[in-house]
Amino acid sequence: MSLLKIPFILVSAIGIHISLTSASPSPSSKEKVVPSSFESFAGWFLNRRCLELMKISAWAASSAEVANILAIHIGPSQIPEGIHGARAVRFLRVLHPTPITPAFLVGCIAVAIGGVLRLYCISTLGKLWSFHLSVRKEHRLVTSGPYSVVRHPSYTGLLFQIAGVAIMYGSQGSWMRQSGILQVPFIKVLAVSSFFVFTTFCSWVAISRPAVEDQMLQRALGDEWENWAKKVRYRLIPGVY
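Residues numbered from 1 in each chain as written. Predicted model: local features only at pLDDT ≥ 70, side-chain atom pairs only at ≥ 80, totals over all residues. Heavy atoms only, no water.

Q: So what exactly am I meant to see when it comes to the overall build of the protein chain here?
A: Helix and strand counts for the protein chain stand at 9 helices and 0 strands. Taken from the N to the C terminus, the helices and strands of the protein chain come in the order α-α-α-α-α-α-α-α-α. Relative to its full complement of 241 residues, the protein chain shows a buried share of 41%. Sequence separation of at least 24 residues holds for 80% of the intrachain contacts in the protein chain that already meet a minimum separation of 6. Carbon and sulfur atoms form 66% of the exposed surface of the protein chain, whose accessible area is close to 12900 Å². (Helix = DSSP H or I, 4+ residues; strand = E, 2+ residues; numbered from the N terminus. Buried < 20%, exposed > 50% of the residue type's maximum accessible area, 1.4 Å probe, protein only. Contact = heavy atoms within 4.5 Å. Areas by Shrake-Rupley, 256 points an atom, 1.4 Å probe, with all protein chains shown as cover.)

The structure is reproduced here in structure tokens:
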């Protein structure tokens, strides 16, 4: 197994980490908008602790595959019997590494593109960026950068990442499915549940939230939003939706 796969794995982990991180302060309770029971649930799920758990899961999956690749390059004679971690190295050597496949590259690129796009959105919105639906005291309509192409580009980036993660970890030739690591019951439960939660919940958020945000901004900004919506007609994908 080539060490060349490691940078791709790390790039995808960094992309997800960026996507789940916000440098701006959270909005106050008065600024948050809770238009539905779904948003109440989404707001709870998107708290700092849950976001940190998702980042840890992404890094754990990436680190496990990187460790497997590195362990394969360590000869048995280089692992002293008495050192701490020798058993872990031997376990990693038992796993079957997978090559760089077209599906892996497509998934990795999709995750990276999604991360870059969301970072662009975060930097463009600045203090207005938030995981929670909110109208801040100093709220203004941002129409530059990616917001001149579609109205909710951060969710476009999230869709890229959801598709990328599904391909990287769920495709037939993926390391998660082919390495044998899922034969360990605890790891299987943790990996499958993390994969299901990330793909299902994030897909739900990315598809349903743009319409809710449009209604929120239309009520808050009125004609300013109406004029912007006439110029930027699509929510997520130009010419499609």
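Here the narrative resumes, following the displayed structure.
Q: Would you mind showing me how to read the environment of tryptophan 225 here?
A: Structurally, tryptophan 225 can be placed in helix α9 (residues 223-231). Here the alpha-carbon distance between tryptophan 225 and glutamine 215, two residues 10 residues apart in the chain, equals 9.8 Å. Beyond its immediate sequence surroundings of up to four residues, tryptophan 225 is in contact with Leu141, Arg151, Asp214, Leu217 and Gln218.

Q: Could you clarify how one ought to interpret the packing of helix α1 (residues 5-19) against helix α5 (residues 102-125) in this entry?
A: The angle between the axes and the distance between the axes are what describe a pair of packed helices. Put simply, α1 and α5 touch, their axes get as near as 8 Å, and they point 35 degrees apart. Pair α1 / α5 crosses with left-handed handedness. The residues of α5 that touch α1, namely those facing Lys5, Phe8, Ile9, Val11, Ser12, Gly15, Ile16, Ile18 and Ser19, are Phe104, Leu105, Cys108, Val111, Ala112, Gly115, Arg118, Leu119 and Ile122. Grouping the amino acids of the contact of α1 with α5 by side-chain chemistry returns 12 nonpolar, 4 polar and 2 charged. (Axes fitted to C-alpha atoms, helices over the stretch in contact; angles between N-to-C directions. Left-handed = near helix turned anticlockwise from the far one by under 90°. Nonpolar A, V, L, I, M, F, W, Y, C, P; charged D, E, K, R; others polar.)

Q: Sorry if this is basic, but what is going on with the pattern of salt bridges here?
A: When their charged atoms lie close together, side chains carrying opposite charge are able to pair. The tally for this structure, following the rule as stated, stands at 4 salt bridges. Two residues, lysine 5 and glutamate 65, come together in a salt bridge whose shortest N-O distance is 2.6 Å. Taken together, the positions of lysine 5 in helix α1 and glutamate 65 in helix α3 (residues 48-72) put the pair 60 residues apart, joining distant regions of the chain. Arginine 235 is paired through a salt bridge with aspartate 214; the nearest N and O atoms lie 2.8 Å apart. Placement of arginine 235 in the segment after α9 and of aspartate 214 in helix α8 (residues 185-221) is noted, with a sequence separation of 21 residues between them. Residues participating in the shared-partner salt-bridge network are Arg151, Asp214 and Arg235. (Salt bridge = Lys/Arg side-chain N within 4 Å of Asp/Glu carboxyl O.)

Q: I would appreciate a short explanation of the packing of aromatic side chains in the present structure.
A: Any aromatic ring pair is given by two values, namely how distant the centres are and how the planes are angled relative to each other. Summed over the entire model, instances satisfying the criterion amount to 2 aromatic pairs. When the ring of phenylalanine 8 is compared with that of phenylalanine 104, the centres are 6.4 Å apart and the planes differ by 75 degrees; the resulting orientation is edge-to-face. Here the residue phenylalanine 8 occupies a position in helix α1, and phenylalanine 104 occupies one in helix α5, the gap between them amounting to 96 residues. Aromatic side chains tryptophan 129 and phenylalanine 131 sit 5.9 Å apart centroid to centroid with 75 degrees between the ring planes, which places their arrangement in the edge-to-face category. Residue tryptophan 129 is classed as buried on the basis of its relative accessible area, which comes to 5%. The ring of phenylalanine 104 is capped by lysine 5, whose NZ or CZ atom sits 4.6 Å from the centre of that ring. (Phe/Tyr/Trp six-rings, centres within 6.5 Å; stacked < 30°, edge-to-face > 60°. Lys NZ or Arg CZ within 6 Å of the ring centre and 35° of its normal.)

Q: Looking at this model, I keep getting lost on a nonpolar patch on the surface. Mind explaining?
A: A surface patch of nonpolar side chains, about 260 Å² in accessible area, is lined by Ile109, Ile113 and Phe160. Structurally, isoleucine 109 is set in helix α5. (Patch = residues over 30% accessible without salt bridge, like charges linked within 9 Å, V, L, I, M, F, W, Y side chains within 5 Å.)

Q: Help me understand α8, please; the structure alone is not making it clear to me.
A: A turn of α-helix holds 3.6 residues, and therefore any two residues three or four places apart point the same way. Spanning 37 residues, α8 covers 52 Å between terminal C-alpha atoms, matching the ideal 54 Å at 1.5 Å per step. Of all the bends in α8, the greatest reaches close to 40 degrees and is centred on arginine 209; the proline proline 210 follows between one and four positions later. A positive backbone phi angle near 60 degrees is found at glycine 222, which sits one or two residues after α8. (Expected span 1.5 Å × (residues − 1). Bend = angle between axes of the 7 residues up to and from the residue.)

Q: What exactly am I supposed to notice about α1 here?
A: Spanning 15 residues, α1 covers 22 Å between terminal C-alpha atoms, matching the ideal 21 Å at 1.5 Å per step. Among the residues of α1, Lys5, Ile6, Ile9, Ser12, Ala13, Gly15, Ile16 and Ser19 are the ones counted as buried.

Q: Help me understand the side chain of lysine 5 in this model?
A: On the basis of relative accessibility, which here comes to 1%, the residue lysine 5 falls in the buried class. Contact partners of lysine 5, with chain neighbours within four places excluded, come to Glu65, Ile69, Thr98, Pro99, Ile100, Phe104 and Trp175.

Q: It is not clear to me how the side chain of arginine 118 should be interpreted in this structure. Could you clarify?
A: Here arginine 118 is to be found in helix α5. Buried arginine 118, no salt bridge; nearest opposite-charge side chain is glutamate 213, N-O distance 8.6 Å. Of the polar contacts made by the side chain of arginine 118, one reaches the side chain of serine 19; its length is 2.4 Å. Among all residues touching arginine 118, those that are not within four sequence positions of it are Ser19, Trp129, Phe131, Ser154, Tyr155, Gly157, Leu158 and Gln161. (Lys, Arg positive; Asp, Glu negative; His and termini not counted. Polar contact = N/O pair within 3.5 Å; in protein donor to acceptor, adjacent residues only side chain to side chain.)

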